[in-house]
Amino acid sequence: MSILELQSALAALLPRLRRFARSLTHHREDADDLVQVAVERALRALDQYEAGTRLDSWMFRIMKNAWIDEQRARGRRAEVLAPEEAGEHVGVSETGRHIARLSVQAAMARLPEEQRLVVGLVLVEGLPYKEAAAVLEVPIGTVTSRLARAKDTLQQLLGDGDIDA
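Note that the coordinates shown come from a computational prediction; the quantities given were computed from them, not determined experimentally.

(A) Region of the structure containing the side chain of Asp56. With respect to the element layout, Asp56 can be found in helix 3 (residues 55-80). Judged by its relative accessible area of 8%, Asp56 falls in the buried class. Asp56 has contacts with Leu13 and Arg16, leaving out every residue within four places of it along the chain.

(B) How the structure looks around the pattern of salt bridges. Enumeration according to the criterion identifies eight salt bridges in this entry. Across the salt bridge formed by Glu29 and Arg28, the nearest N and O atoms sit 3.3 Å from each other. Residue classification places Glu29 among the partly exposed residues on the basis of a relative accessible area of 27%. Judged by relative accessible area, Arg28 falls into the exposed class, the value being 52%. Linking Arg74 and Glu114 is a salt bridge whose minimum nitrogen-to-oxygen distance equals 2.7 Å. Highlighted residues: Arg74 in helix 3 and Glu114 in helix 5 (residues 113-124), separated in sequence by 40 residues. The pair Arg74 / Glu114 is uniform in exposure class, with both members buried. Here the salt bridges do not stand alone but share partners, grouping Asp30, Glu70, Arg74 and Glu114 into one network.

(C) Structural context of helix 6 (residues 129-136). Looking only at helix 6, the buried set comprises Ala132, Ala133 and Leu136. What you see down the axis of helix 6 is that its buried residues fit within an arc of 100 degrees, all on one side. Exposed residues lying more than 90 degrees from the buried face of helix 6 are Lys130 and Ala134. Remark: Glu137 follows helix 6 within two positions and exhibits a positive phi of approximately 60 degrees.

(D) Region of the structure containing the packing of aromatic side chains. For the structure on display, the rule yields two aromatic pairs. Pairing Phe20 with Phe60 gives two aromatic rings, centres 5.0 Å apart and planes at 55 degrees, and the pair type is tilted. Of this pair, Phe20 sits in helix 1 (residues 3-25) while Phe60 sits in helix 3; the two residues are 40 residues apart in sequence, bridging distant segments of the chain. Take Phe20: its relative accessible area is 26%, and that puts it in the partly exposed class.

(E) Representation of the packing of helix 6 against helix 7 (residues 140-158) in the model. Following both chains from N to C, one finds helix 6 and helix 7 inclined at 100 degrees, their axes separated by 8 Å at the closest point. As far as their axial angle goes, helix 7 and helix 6 are roughly perpendicular. Where helix 6 approaches helix 7, its residues Tyr129, Lys130, Ala132, Ala133 and Leu136 are matched on the opposing element by Ile140, Val143, Thr144 and Leu147. Taken together, the residues of the contact of helix 6 with helix 7 sort by class into seven nonpolar, one polar and one charged.

Thresholds, definitions, all that
Residues numbered from 1 in each chain as written. Predicted model: local features only at pLDDT ≥ 70, side-chain atom pairs only at ≥ 80, totals over all residues. Heavy atoms only, no water. Helix = DSSP H or I, 4+ residues; strand = E, 2+ residues; numbered from the N terminus. Buried < 20%, exposed > 50% of the residue type's maximum accessible area, 1.4 Å probe, protein only. Contact = heavy atoms within 4.5 Å. Salt bridge = Lys/Arg side-chain N within 4 Å of Asp/Glu carboxyl O. Arc of directions from axis to C-beta. Phe/Tyr/Trp six-rings, centres within 6.5 Å; stacked < 30°, edge-to-face > 60°. Axes fitted to C-alpha atoms, helices over the stretch in contact; angles between N-to-C directions. Parallel < 35°, antiparallel > 145°, perpendicular 65-115°, else oblique. Nonpolar A, V, L, I, M, F, W, Y, C, P; charged D, E, K, R; others polar.

What follows is the structure in structure tokens.
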């Protein structure tokens, strides 16, 4: 099977890959991200595909391993983030700013974990998209889409007013 034929067969598998990803992640956005990661890995490793083996089984294995990697990465990222109680804002007494900060924190808490992480790295920590993508072990496009969805959600939750926190 030529590389072109493999790529075509891979494209035909996309609906099944999406269904499998959805069964793993239980979230449409996570499933789309997982399919993207699995397809990227497969395209980089096409030379490792053994002719005569089932392409769908190979892809499902890649996807399962990508999901395991993502779950492990989420666990590591969760251990790195310190809770506010760790003293980051001790001594701040301005009531208005405090209320605004609490509003932002409440809105952030309602974001899915993936979006919260991207917002924290890009908007709070100031990392460039490329570095945030490396930290999260996702493509830059995924960082961009997650950040866009997070901004939309935060804007809806906080209203159209600017909050200085």
